[in-house]
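# Analysis of the macromolecular model
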Amino acid sequence: MPIFLFIFIVMPIAEMAVLIQVGSVIGVFNTIGFVLLTAVVGAWLLRQQGLATLLKANQRLNSGELPAKEVAEGLILAVGGVLLLTPGFITDAVGFLCLLPFSRHWLAAQALKRMVATNTSGGFYFRAGGGQNPFGQDPFGDSGNPFGRQRPFDRDNNRDIIEGEYSDETETNHDRLDKK
């Protein structure tokens, strides 16, 4: 609840106070022009950084790796873009921090530290914020799974493959006519 109080009450009041102060120093039209300029520069920077992050994620996927860092950076870029489109100098400052590569990399690293992905006995578990599995079992099958043991990421599960040859021995109408 405190985060919503901050976002919807404290931030708009702080933004209005800063806009009024800046407007009284540099003028109303200059303030509006500066807010529009930050939105245009932010949109350009978002496009440039977003494409670069998308290309890096695509390269990681093609090499068979999970692009966790790139996904986190993509989310930070989206938040930064929204903040830059929101009128105000405080949101613009935070939005630019989200778009600049060095601060975005740091924010993504901090976010990834809080997330845990483990592979235990062939199963996979992911949880934001770290900690143990709240259900006390492997989500892909443990003793409590009604569907039995499942190992979707196990590549050595070749024991269910049956090899053999076959031949079609069904009779066609042509074969039946030849017998008569």
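Residues numbered from 1 in each chain as written. Predicted model: local features only at pLDDT ≥ 70, side-chain atom pairs only at ≥ 80, totals over all residues. Heavy atoms only, no water.

Attention now moves to the pattern of salt bridges. The tally for this structure, following the rule as stated, stands at four salt bridges. Its salt-bridge partner being K69, residue E73 comes within 4.0 Å of it at the nearest N-O pair. Taken together, the residues E73 and K69, both in helix α3 (residues 68-85) and four residues apart, mark about one turn of the helix. Residue classification places E73 among the buried positions, given a relative accessible area of 1%. The partly exposed category is assigned to K69, whose relative accessible area is 35%. Through salt bridges with shared partners, one network takes in R60, E65 and E70. (Salt bridge = Lys/Arg side-chain N within 4 Å of Asp/Glu carboxyl O. Helix = DSSP H or I, 4+ residues; strand = E, 2+ residues; numbered from the N terminus. Buried < 20%, exposed > 50% of the residue type's maximum accessible area, 1.4 Å probe, protein only.)

Attention shifts here to a nonpolar patch on the surface. A cluster of nonpolar side chains, I3, F4, L5, F6, I7, F8, I9, V10, I13, M16 and I20, forms an exposed patch at the surface whose accessible area comes to about 1,100 Å². Tracing the chain through its elements places I9 in helix α1 (residues 2-26). Here I9 falls in the partly exposed class, since its relative accessible area comes to 44%. (Patch = residues over 30% accessible without salt bridge, like charges linked within 9 Å, V, L, I, M, F, W, Y side chains within 5 Å. Areas by Shrake-Rupley, 256 points an atom, 1.4 Å probe, with all protein chains shown as cover.)

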